[in-house]
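# Examination of the molecular architecture
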Amino acid sequence: MPSPDQIAIRGRLSAERSLADLTWLRVGGPADWLFQPADADDLAQFLAALDADIPVFPMGVGSNLIVRDGGLRGVVIRLGRGFNTIEVDGTTVTVGAAALDAHVAKRAAEAGVDLTFLRTIPGAMGGALRMNAGCYGSYIADHFVSATAVTRAGAQVTLSATDLNFAYRQTDLADGWVITDVTLQGETGVPDELNARMQSQLEKRDATQPTKERTAGSTFRNPAGFSSTGRADDVHDLKAWKVIDDAGMRGAQVGGAQMSEKHSNFLINKGGATAADLEELGEEVIKRVFQSAGLTLEWEIMRIGEFAPSEGQAERGAEYRTKSGSKA
């Protein structure tokens, strides 16, 4: 089988490409290869020719991702301009997988289609589909019609809801498959009213979340599948931020990583954090919440790649500090 750089492509292939600048947290080592296909046919032909033993990882805009410091073996696929179209036909909205969730919500609203729940979800539509993203009580699954993907073997296939088996914050999309477009259905609405709703959502988000920090959105899934609805009667007893607070981990730090003071379920890079800092702090939160509440939090942020060899790793536990500054 040819090596990746021997495969004829129309897109762009880069060797030993750092992924840190492609993630919102700005950490991580290089990928062996980064492929940015020109279009779905270019992607399909590349994957069909690629050695089946080489791992493939589809990457969106890096909004929900920690790339470990040792980097990623294999080929990272990152979709670009050829995959960011947004088309509205009645109440049906078909979008490229690289289209940003926020842009989809705004374009749909302009056409009188209610997909407003997408407005405050960070990232692009491929990732939103893969993790069944949701907000304010609505999920991708509630609006899903179909999707197109390129399989690891290079076949282009249409996916139904049954194929994806939607669940809380997850789907059954096979490893190495790359979503290329998504079709959603929304309710009809008045554009001005939809825009006003989204503006209200943005104001609430900015008031309660560290949107100006380097973060990857919510760090942990809410325990037992409970998800914030935004309703006035919403109960927070089993929300991730609540059990993190109860465990005393709001503001906790490891190196340049911190659990946000503003919203304790947001892991942030305060400056100079490594992927190891971020992941170690997250694991400490899981440990403390289990000790405090008997609950095991699950990561919502995807963590990929290899750990980098690090001197003094055994002593890192001494660097952990709570908000009060006391060492753990």
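Below is a summary of the structure that appears in this document.

Parameters and conventions
- Residues numbered from 1 in each chain as written.
- Predicted model: local features only at pLDDT ≥ 70, side-chain atom pairs only at ≥ 80, totals over all residues.
- Heavy atoms only, no water.
- Pairing = 2+ DSSP bridges.
- Helix = DSSP H or I, 4+ residues; strand = E, 2+ residues; numbered from the N terminus.
- Axes fitted to C-alpha atoms, helices over the stretch in contact; angles between N-to-C directions.
- Contact = heavy atoms within 4.5 Å.
- Phe/Tyr/Trp six-rings, centres within 6.5 Å; stacked < 30°, edge-to-face > 60°.
- Buried < 20%, exposed > 50% of the residue type's maximum accessible area, 1.4 Å probe, protein only.
- Polar contact = N/O pair within 3.5 Å; in protein donor to acceptor, adjacent residues only side chain to side chain.
- Core = buried A, V, L, I, M, F, W, Y, C linked by side-chain atoms within 4.5 Å.

## As for the pairing of strand β2 (residues 30-36)
Note on strand geometry: in a regular strand, side chains alternate between the two faces of the sheet. As paired strands, strand β1 (residues 12-18) and β2 are joined by six bridges and run antiparallel to one another. The residue of β2 that forms the bridge with Ser-18 is Pro-30. As paired strands, β2 and strand β5 (residues 72-78) are joined by four bridges and run parallel to one another. When the sheet's bridge partners are listed, Phe-35 is paired in β5 with Ile-77.

## Points about the sheet that holds β1
In spatial order, the strands read β1-β2-β5-β3; together these four strands make up an open sheet with mixed pairing. Strands with a single pairing partner mark the edges of an open sheet, and in this sheet they are β1 and β3 (56-59). For this sheet, the mean inter-axis angle between neighbouring strands, taken without regard to orientation, is 30°. Across the sheet, helix α1 (residues 40-49) touches β1, β2, β3 and β5, and the angle it forms with β5 is around 160°.

## Things to note about the packing of aromatic side chains
When we look at a pair of aromatic rings, we describe it by the centre distance and by the angle of the planes. Taken as a whole and judged by the stated rule, the model has three aromatic pairs. Ring centres 5.1 Å apart and planes at 50° place the aromatic pair Phe-220 and Trp-299 in the tilted group. Placement of Phe-220 in the loop between β15 (214-218) and α7 (240-246) and of Trp-299 in the loop between α8 (275-293) and β19 (302-304) is noted, with a sequence separation of 79 residues between them. Accessibility expressed as a relative area gives 10% for Trp-299, which makes it buried.

## Notes on the environment of Thr-215
Mapped onto the elements, Thr-215 comes out in strand β15. The contacts of Thr-215, once residues within four sequence positions are left out, are Trp-24, Leu-25, Ser-63, Pro-210, Phe-266, Leu-267 and Ile-268. Of note is the side chain of Thr-215, whose polar atom sits 3.4 Å from the backbone nitrogen of Gly-217.

## Quick look at the nonpolar core
Among the nonpolar cores identified, the biggest contains 51 residues, and Leu-47, Ile-77, Val-104, Leu-115, Leu-118, Leu-129 and Ile-140 are the most heavily contacted of them. In terms of residue count, the dominant contributor to this core is α1 (five residues). Setting aside residues no more than four positions away along its own chain, Ile-140 makes contact with Phe-117, Leu-118, Met-125, Ala-128, Leu-129, Asn-132, Ala-133, Phe-166 and Leu-184. With 25 residues, the next largest nonpolar core counts Ala-257, Met-259, Ala-273 and Leu-281 among its residues.

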